[in-house]
Structures are given as structure tokens and as C-alpha cells.
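Coordinate inspection notes
In case you want the letters, here they are:
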Amino acid sequence: MPTLEIEGRTFEVDEDGFLQDPALWNEEVARLFAKSEGIAEMTEEHWKVVNYVRNYYLEFNIAPMVRKLCKDTGFKLKKIYDLFPSGPAKGACKVAGLPKPTGCV
Amino acid sequence: MGKHKTPMLDELEKGPWPSFVSDIKQQAEKGKQALKDAPDDLLGVMELSYKDKVTHWKHGGIVGVFGYGGGVIGRYCDQPEKFPGVAHFHTMRVNQPASKFYSTKFLRDLCNLWERYGSGLTNMHGSTGDIIFLGTTTDNLERVFYDMTHELNQDLGGSGSNLRTPSCCVGLARCEWACYDTEEACHELTMEYQDELHRPAFPYKFKFKFDGCPNGCVAAIARADMSVIGTWKDDIRIDQAAVKAYVGGEIKPNGGAHAGKDWGKFDIVEEVVRLCPTGCMSWDGSTLKINNRECTRCMHCLNVMPRALRPGTETGASILFGAKAPILEGAQLSTLTIPFIRMEPPFEELKELVNKVWDWWMEEGKNRERLGELIQRESFQKFLEIMELSPDPRMVSEPRSNPYIFWKEEEVEGGWTRDIKDFRAKHQR
Ligand code: SF4
Ligand code: SF4
């Protein structure tokens, strides 16, 4: 099992760096994972996306489709990439502590 | 002798044909690649898959480079201890140049780049058309991307639910049949839709392909969600003197492609006139006639006698939508939607069509539903409504036997409420 070490904390992750145990997720963990995805600081806009993705996942057990994410957050896709340089699937979902999305986002 | 014993793969080296197994062994021996053991371990894991009759690649991973959501396909081996060289074996898709024109220097540079950061193994080309770099690790992705974009001025292609790398036939660059500049169109649309190409937001993949004529060298009609196929409006140009030269045997049919075997004397009636699918040609022994109104631009006669017959001069393209490989439904060819449009830069008319189609498909398409399947689900009629087009006999293959265009209530006099008894009194069944 690969691990990810950020600022002295170690997490079990899958090969693509997604958090293995969703129960470990909290805002602090999100902040740490954001660093590994090229995000220096989590702003309110980042949280808006992360919380949306996370709530959607908790409700439907799947990551939202990209166009739904854009519609519901009001952010254009370009804006999402500005916030999460590795994109909604690899970036936003990872920071939100979701398991690896299977081709939706 | 490689690192692993591969008796089954070795069978694939026998015979007079080129062999990918030999190619991989060659790379292993050359040994200049950054992932030293990758070629050897690739052979090893493949041999094991042949033995176990099951793949040893895990289901795709999510890796990528910053700023892009596509272009890299994550691949991991499920036997990483046995085959460490391919534990990570990600694929990168590189946008091929229009019509795949390369200088040898550029090819060398590409290969050197890939030896510097990957397995050195490439696939020229993937079925969408991209140059495929086979096998590297997550750590190396950004490095390849940086050098490729900065030193070689080359971009990644598409993967996942986005616009896939557009591709075009050789077109005007070398082909006399090209009815528009396929390279220009391919390049222009690639540049216009960079966001859609690199940032997946579609229900599923979407492909553009540009064929310069109905010969279809990039198989647009079979493989593209939007197929752009060159055609002409006016008459086939006939050089009667050259026709006679074919008949007399001075010019070889099919550009001499049938050399090497004696097929007998060229017979224009048997080999051209009677093979015309619409029966619109005639030959009276001295003049070839074509009833151009009936010609479906199948290209047969032009292919046989290229020096005598040429496409007309009023050229453009037909636009078809909805081809796809079998997924949920069977394979499907695209359906003629726009019989003719002019193809001149900056291709505004074409872009308008694309935008209309995407707006609809992104709104209505289910996850993993190709455009062709959405058209099937919602009906071609609905599609025409979205495209703001009227049905046209040219959209169906046999207008009187498969007219899948239905009337709507408001288009029928009296709507659905007419008195059937009254009607039958006047019109018997
Ligand atoms: S599709 Fe037609 S124009 Fe294009 S290369 Fe083939 S024959 Fe030539
Ligand atoms: S292009 Fe095809 S349909 Fe047209 S005249 Fe030639 S053989 Fe007949």
C-alpha cells in the first residue's frame, strides 16, 4: 500500500494518491492534500468546490459529472482548473477525500 | 536472451511479417531508455497474461499533468514485484501533426525524449491518430510534458470524456481527390477547441475526422461523431481522350495498382460502368456519359480512371454525425446531416454546427452516451430540430422505403383528430 507523507503526517493512499480511508478526512487533511495537488492555499472558492463534491458524494455515492459541478457551483471549467490545476477529477475529488472517481468527473 | 523466458511471445516473431515482439526486444537490447527494465518486463507480463489468459494490467488510474484533464492514461501492473519495470506504465497521447507529416529529425527528437523519460517504446499511431508514448512513471509525467511542449513545440492529445485529437487525411498536400483542405480544417478546429480537447467535460468522447473525399482514408464515416467528408456539387470532369486511352490500354487502370498479375485487357463496361452502384454511367464505344444527378460520389469510377475522371470544381464537404464503435449498441456509421457546405477558413459554418451539437449533447447526453446513441434514443427527428434543419431525402438511404421522419401534430391538417370514417369513405384501404 503506497503512503503519502505531507508535513510529517502519513496517509495510506492508492497508487494515484487518493485517500484510502474516507473516515480520516477532515478540513486539515484536505489542506494537506491540496498541497500535493499544487494548491498553495485553500480559499473560500476552493472550499466551495470541495464541499460540493464531498456532499454530492455522500448523498449519491459517486462523484458528480463535470458539467453538473460547473452548473451547481457557478464556476466555469476554466475557473475550476485555475483553482485545481490537476482538474476536477484528480484535483478536487482528491482534496475532498473521495475514492478514485471511475470516469465521471 | 531477455530477462524473462517468453516461449509463447517468441512464436510471434516467426514468419515474414514485422513483429512487435522483435521491436520490444530490440529496445530492451538497446537499453538507452530511462525505465531500464520496462521492455523486458513488458514482455514478461505479456507472456504471463498469455499463460493465465487474463490481463495483468489494473483498471485505468487517474494521473495527469497540471492544467490538463486528459492526454495521460494511468496504467499499473498487478504483479509489480515480478515486473518492477512496468509497475507504473502510463501512456501519453501526443497530438500528431496534420496528415502525420514528419521530418526524420522530429521523429528522432520524439524518440530521444521518450528514451529520456520513459520506456522508449512508442506506438505510431494509436487508432485515433495520436502518437502514443507507452510506459512511464507518475514522477516523469511533468518532465516529459515540459520538454515536449517547450523543446518540441508539441502538445498532448485527448483522452477520456473530451474532444479526442482531431485527425485528417493527407488531403491537398498530396492527393488530387481532396475536395477541401483537410489539414487546414483539422488544424483550425484543433486550435479553436483547445479547452474541449484538454479538459474533459463531455458525457463521453467526441471525435472529429476529416476526409478529403469519399474514399475516406481516415474512415471518418465509421469512426467520428462528426465526420467531414469532401464532396462536389457539380459534374464529374471527364477527359474523353483519356477515357479512350484507358480503353485502348495506353493508360493502366487504378494508377497501375494491379501490376504483378495479368488481369486481362481493361474492360470499361465490366469494370466501371456496370460497377457504378447507381447505374448512372454509360459507354457507347466512344463516349463515356454520366448522369450526375444520380451519382452518389462513391468514387469508384474516379479511382479506376484517375486521369480521365476528376471531381467537379464546386467542392466542399458533407457533414455526418454519430458514428461509433460498438459499446451498448452495435457499431454505427454516421448519418448524413448536411449534404453540402463550403469549406473555407475560418470554417465558421462548421463551428456553428459543432456548438449546436455540443450544447444539446452536453445537456441531454447520459454519462458515457455517444452522440450517435443520443440521436438513436431521442430520434433523428429531434436531432434535426436541434440543428434547425428540415428533413431532406438525401438524409435517408432509400427515401421511399425507410423514411424515418415523422409528422408532428401541428404539421398535419386537422391534427390527430380527423374523422377516420369520413376519411375512409373517400379513401379505401
Ligand atoms: S480521403 Fe480522399 S482526398 Fe483524402 S487522401 Fe484519401 S483519397 Fe485523397
Ligand atoms: S462516382 Fe460512383 S456513383 Fe458516381 S458515377 Fe462514378 S461509379 Fe457512379
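Each value, and the rule that gives it
- Residues numbered from 1 in each chain as written.
- Chains lettered and ligands numbered in written order.
- Predicted model: local features only at pLDDT ≥ 70, side-chain atom pairs only at ≥ 80, totals over all residues.
- Domains from an automatic or database assignment.
- Contact = placed C-beta atoms within 7 Å.
- Nonpolar A, V, L, I, M, F, W, Y, C, P; charged D, E, K, R; others polar.
- Buried ≥ 20, exposed ≤ 12 C-beta atoms within 10 Å, placed from the backbone.
- Helix = DSSP H or I, 4+ residues; strand = E, 2+ residues; numbered from the N terminus.
- Near = placed C-beta within 6 Å.
- Pairing = 2+ DSSP bridges.
- Core = buried A, V, L, I, M, F, W, Y, C linked by C-beta atoms within 7 Å.
- Axes fitted to C-alpha atoms, helices over the stretch in contact; angles between N-to-C directions.
- pLDDT = per-residue confidence, 0-100.

1. Some thoughts on the domain arrangement of chain B
All names here are of chain B. For chain B, the domain assignment lists domain 1 (7-151), domain 2 (167-232 + 316-410) and domain 3 (237-310). Look at where the C-alpha atoms of domain 2 and domain 3 centre, and you get two points 31 Å apart. Contacts between the two partners involve six residues from domain 2 and, on the opposite side, five residues from domain 3. Here the residues of the side of domain 2 that touches domain 3 sort into three nonpolar, two polar and one charged.

2. A closer look at helix α5 (residues 87-95) of chain A
Residue and element names in this part refer to chain A. The element α5 is extensively covered by neighbouring structure, given that nine of its nine residues are classed as buried. Of the positions making up α5, those classed as buried are G87, P88, A89, K90, G91, A92, C93, K94 and V95. Tucked inside the fold, the buried residues of α5 contact α1 (27-36), α2 (44-60), α3 (66-73) and α4 (77-83). Phi turns positive one or two residues past the end of α5, at G97, with a value near 75°.

3. Describing the site of ligand 2
Not every one of the 14 residues close to ligand 2 is listed here, only the nearest: C276(B), C295(B), C298(B), H300(B) and C301(B). Ranked by residues supplied to the shell around ligand 2, first place goes to helix α11 (residues 300-304) of chain B with three residues.

4. Some thoughts on the pairing of strand β12 (residues 315-321) of chain B
Residue and element names in this part refer to chain B. Judged by how many residues are buried, β12 sits mostly within the fold: seven of seven residues are covered. Bridge count for strand β7 (residues 226-232) against β12 is seven bridges, and the pairing is antiparallel. By the bridge assignment, W232 is partnered in β12 with T315. Alignment of β12 against strand β13 (residues 335-341), held across four bridges, turns out to be antiparallel. Paired with L320 across the two strands is L336, which belongs to β13.

5. Describing the environment of G91(A)
Mapped onto the fold, G91(A) is located in helix α5. Measuring from C-alpha to C-alpha, the distance between G91(A) and Y81(A) comes to 8.8 Å, with ten residues separating the pair along the chain.

6. Side note on the nonpolar core
Core analysis: the largest hydrophobic core is formed by 112 residues, its most contacted members being V53(A), A92(A), A96(A), V86(B), A185(B), F210(B) and V228(B). By residue number, the principal contributor to this core is helix α12 (residues 348-364) of chain B, which donates six residues. Look past the residues within four positions of A185(B) in its chain and what remains in contact with it is C168(B), Y180(B), F210(B), V228(B), M343(B) and F347(B).

7. Digging into the site of ligand 1
Lining the immediate surroundings of ligand 1 are 13 residues, of which C169(B), C175(B), G212(B), C213(B) and C217(B) lie closest. Broken down by class, the residue content of the shell around ligand 1 amounts to seven nonpolar, five polar and one charged.

8. Observations concerning the sheet that holds strand β2 (residues 91-94) of chain B
Residues and elements named next belong to chain B. Reading across from one edge, β1-β2-β4-β3 is the order of the four strands in this open sheet, with antiparallel pairing throughout. Where the open sheet ends on each side, the last strands, each with one partner, are β1 (72-73) and β3 (121-124). Sheet topology note: the β3/strand β4 (residues 131-134) ladder contains four bridges and is antiparallel. Pairing of T122 across the sheet is with F133, part of β4.

9. Structural notes on the packing of helix α2 (residues 20-30) of chain B against helix α3 (residues 38-52) of chain B
Residue and element names in this part refer to chain B. Interaxial distance between α2 and α3 falls to 7 Å at its minimum, and their mutual angle equals 145°. Residues V21, I24, Q27 and A28 of α2 form the contact with α3, whose participating residues are P39, D40, L42 and L43. Residue composition of the contact of α2 with α3, by class: six nonpolar, one polar and one charged.

10. Some points on the confidence of the model for chain B
Of all residues in chain B, 98% have pLDDT values of 70 or greater, and the mean over the chain is 94. In the model output, the complex is listed with pTM 0.91 alongside ipTM 0.88.

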